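Structural overview
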Amino acid sequence: MPAYDNTLEDIKNRLDIVDLISEYISLKKAGQNWKGLCPFHAEKTPSFTVSPAKQIFHCFGCNTGGDIFSFLTRYENLTFPEALNVLAKRAGVELKTRPGTVQKAGEKEVMVSIHKEALTFFENNLTKSDQSQKYFKGRGIDKDTQKLFSLGYAPQSWNALMNFLTKKGYKAEVIKKAGLISQGAKGFYDTFRHRIIFPIYDLKGDVVAFGGRSIDGSDPKYLNSPETLIFNKRKVLYGLYRAKKAIKESGYALFMEGYMDVITAQVYGISNAIAPLGTAFTQEHGKLIKRFVEDVVLVFDGDQAGIKAAKKAADILLESGLNVKMLLFPAKEDPDSFLRKHGKDAFQKLLDNPLTIIDFLLKLKADKRVLAREAIETISRVPDKVLQGEYVKMLSEGLKINEVFIIEELKKAGKRLSSGYNSAHGNAVPQPRPGPRPLDDVITLQLLLQQPDKASEFAAKFAPEDFKDPLSREIFQKIKEGISDVNALLPHFDDIGKAYITELSMRDEIEDFEKAMEDCVKKMKENKRKRMLSEIQTKIRDAEKKKDFALIKKLQIEQQLLKPGE
Ligand SMILES: [Zn+2]
């Protein structure tokens, strides 16, 4: 991370953490700080604290903390480089890219801006196209919804978009690279012609691709942008940028089959729906969703093809460590038709009681043995052992088979599966919360952070070994190296380190700094002496067992030297 150091400082100097966080949650002034309800855990009294003086936040309820970057990555579920981009833009700081990536970064930006221009073109054409308006009217999609999803229309022309973009100054080669025109024997032509256009956004809210649906029944029914520098369909989900807030609020994501399902759901006030681009779900999709929630509900068509697709999607998402539930529609119904016929309340009723994956499989009424085999195969993909156990129990009850037999088959299936299995399934073991840290370590660091100007001077009075707690020692080492300002320190540590540092920085100032510091030096030395004494004690005991008298003698001298001065 040091490569970013100057840029981070630049950005931090230009932005104010209270302004930034106020855009997401409401903060009230409380003394020197601002307080609000923590967005990272449920609480009724505010323990989320923002310090304008130090430009950090800390929640005393869930022990999270950090700077503007930590806040944004957490709140918006962005990666660090993504958050860096957003905040750099906001601060008006230009990001220096490492040599070699310059070309690519520049090209990416061009790709993004060309998509933005193209979207304007498609949106403007939509209002002029009677045919698309008729199509939307038929599907109950009004002007507001069209606007909400920035829907557009690609006119029936071979070069309308190309001409538009060329006039804006883009070269044909670049437009082709963006996937918006294709090249044939007679030259370039627009990729999307006479189609309804669905812009596809990435998590930052940039349009990175388009989906086009044919209006007149010509093939293919759906046409997507090809993969480009900025678009990888395995990693993008339709509607996620808009739905992420609702997904977090509702606690689950609604996985649907296609764009139109997502839009219809929105028309009926269901905002947490998303869909893959094309047909298949991928592990990457699973991981993407896992950044927001643990639970997903699959909503697929009730016909054979829909059920098959749902089963396949469930297997992949289960492997990503997501808890997968299903909605099963009556045959010949899909989410779209169901919502239109029965309305939101009926849909919500289904949503309130989704089927577990086992119930879903049991409902398929296949041959009992086939069903058992399929269900066991599915269960074996679940990385969470507790969840696996629950599924085994459900299956045992549902099929009236003894659990023992299922577990036996499960072991076999697990082995089969684990031969082409990598362990990178994003199901990280939750970090244990650190226990209380040694008080003297804490106070010493608190003092050092309280006076960043004098910190390195005072740090000279301590050695890293004086600190008992490894994390405290690490922080001390950075301070000793001269990184004593809280904002300079934060980027060097992970979430646990950040929370520790912000917690220390938020503490009330200790009065009589010099005296307190002196006490700390004494206490830390004393602690260290005691620790060393007990270490020698252990070594002596070992030496006694081995009857190594020479060593015992040597250790006893060391021990004598450590005893308090007489
Ligand atoms: Zn909290």
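Residues numbered from 1 in each chain as written. Predicted model: local features only at pLDDT ≥ 70, side-chain atom pairs only at ≥ 80, totals over all residues. Heavy atoms only, no water.

A few words now on the coordination of the zinc ion. Reference values for coordination geometry: four tetrahedral donors around a metal ideally subtend 109.5 degrees, six octahedral donors ideally subtend 90 or 180 degrees. Every protein donor of the zinc ion is listed here as Cys 38 (SG), His 41 (ND1), Cys 59 (SG) and Cys 62 (SG), and their distances to the metal cover 2.1 to 2.3 Å. Geometry at the zinc ion is tetrahedral, judged from the four donor atoms that bind it and their angles of 101 to 120 degrees at the metal. Within one chain, the residues donating to the zinc ion are spaced in sequence as C-x2-H-x17-C-x2-C. Of the two residues, His 41 is situated in the loop between strand E2 (33-36) and strand E3 (48-51) and Cys 59 in strand E4 (residues 56-59); the sequence distance between them amounts to 18 residues. Classification of Cys 59 as buried rests on a relative accessible area of 0%. (Donors = N, O, S within 2.8 Å, 3.2 Å for Na, K, Ca; no water. Tetrahedral: all angles 85-135°; square planar, octahedral: opposite > 155°, others 65-115°. Helix = DSSP H or I, 4+ residues; strand = E, 2+ residues; numbered from the N terminus. Buried < 20%, exposed > 50% of the residue type's maximum accessible area, 1.4 Å probe, protein only.)

The next thing to look at is the packing of helix H19 (residues 439-450) against helix H23 (residues 495-506). Running from N to C, H19 and H23 point in directions that differ by 70 degrees, and their axes come no closer than 9 Å. It follows that H19 is roughly perpendicular to H23 by the angle criterion. In this structure, H19 crosses over H23, and the sense of that crossing is right-handed. Contacts between H19 and H23 involve Asp 441, Val 442, Leu 445, Gln 446 and Leu 449 from the first element and Tyr 500, Ile 501, Leu 504 and Ser 505 from the second. (Axes fitted to C-alpha atoms, helices over the stretch in contact; angles between N-to-C directions. Parallel < 35°, antiparallel > 145°, perpendicular 65-115°, else oblique. Left-handed = near helix turned anticlockwise from the far one by under 90°. Contact = heavy atoms within 4.5 Å.)

This paragraph deals with the sheet that holds strand E12 (residues 237-238). Strands sit in the order E12-E14-E13-E15-E16-E17 across an open sheet of six strands; the sheet is mixed. Edge positions in the sheet fall to E12 and strand E17 (355-356), since each of these pairs with one other strand and no more. In this structure, E12 lies alongside strand E14 (residues 273-276), joined through two bridges in antiparallel fashion. In the sheet register, Tyr 238 faces E14, and the bridge partner there is Ala 275. Docked against the sheet, helix H10 (residues 240-250) engages E12, strand E13 (252-255) and E14, running at close to 130 degrees with respect to E14. (Pairing = 2+ DSSP bridges.)

This part takes up the sheet that holds strand E9 (residues 195-201). Taken in spatial order, the four strands make up an open sheet running E6-E9-E10-E11, and their pairing is antiparallel. The outermost strands of the open sheet, each flanked by one partner alone, are strand E6 (152-154) and strand E11 (222-224). Strand-to-strand, the axes of this sheet are offset by a mean angle of 35 degrees, without reference to chain direction. Bridge count for E9 against strand E10 (residues 207-214) is seven bridges, and the pairing is antiparallel. Of the residues in E10, the one forming a bridge with Tyr 201 is Val 207.

Next up on the list: the side chain of Thr 356. With respect to the helices, strands and loops of the structure, Thr 356 is situated in strand E17. In this structure Thr 356 touches Met 326 and Met 394, once residues within four positions along its chain are discounted.

On inspection of all chains with the given rule, the structure shows 27 salt bridges. The salt bridge partner of Lys 454 is Glu 514, with a shortest N-O separation of 3.7 Å. Of this pair, Lys 454 sits in helix H20 (residues 452-459) while Glu 514 sits in helix H24 (residues 513-545), and the two are 60 residues apart along the sequence. Ionic pairing is found between Asp 466 and Lys 528, a salt bridge with its closest N-O pair at 3.5 Å. Residue Asp 466 is found in the loop between H20 and helix H21 (470-480), and its partner Lys 528 is found in helix H24; the two are separated by 62 residues along the sequence. Taking the relative accessible area as the measure of exposure, Asp 466 reaches 0% and is therefore buried. Within this structure, Asp 315, Glu 319, Glu 377 and Arg 381 form a network of salt bridges that share partners. (Salt bridge = Lys/Arg side-chain N within 4 Å of Asp/Glu carboxyl O.)

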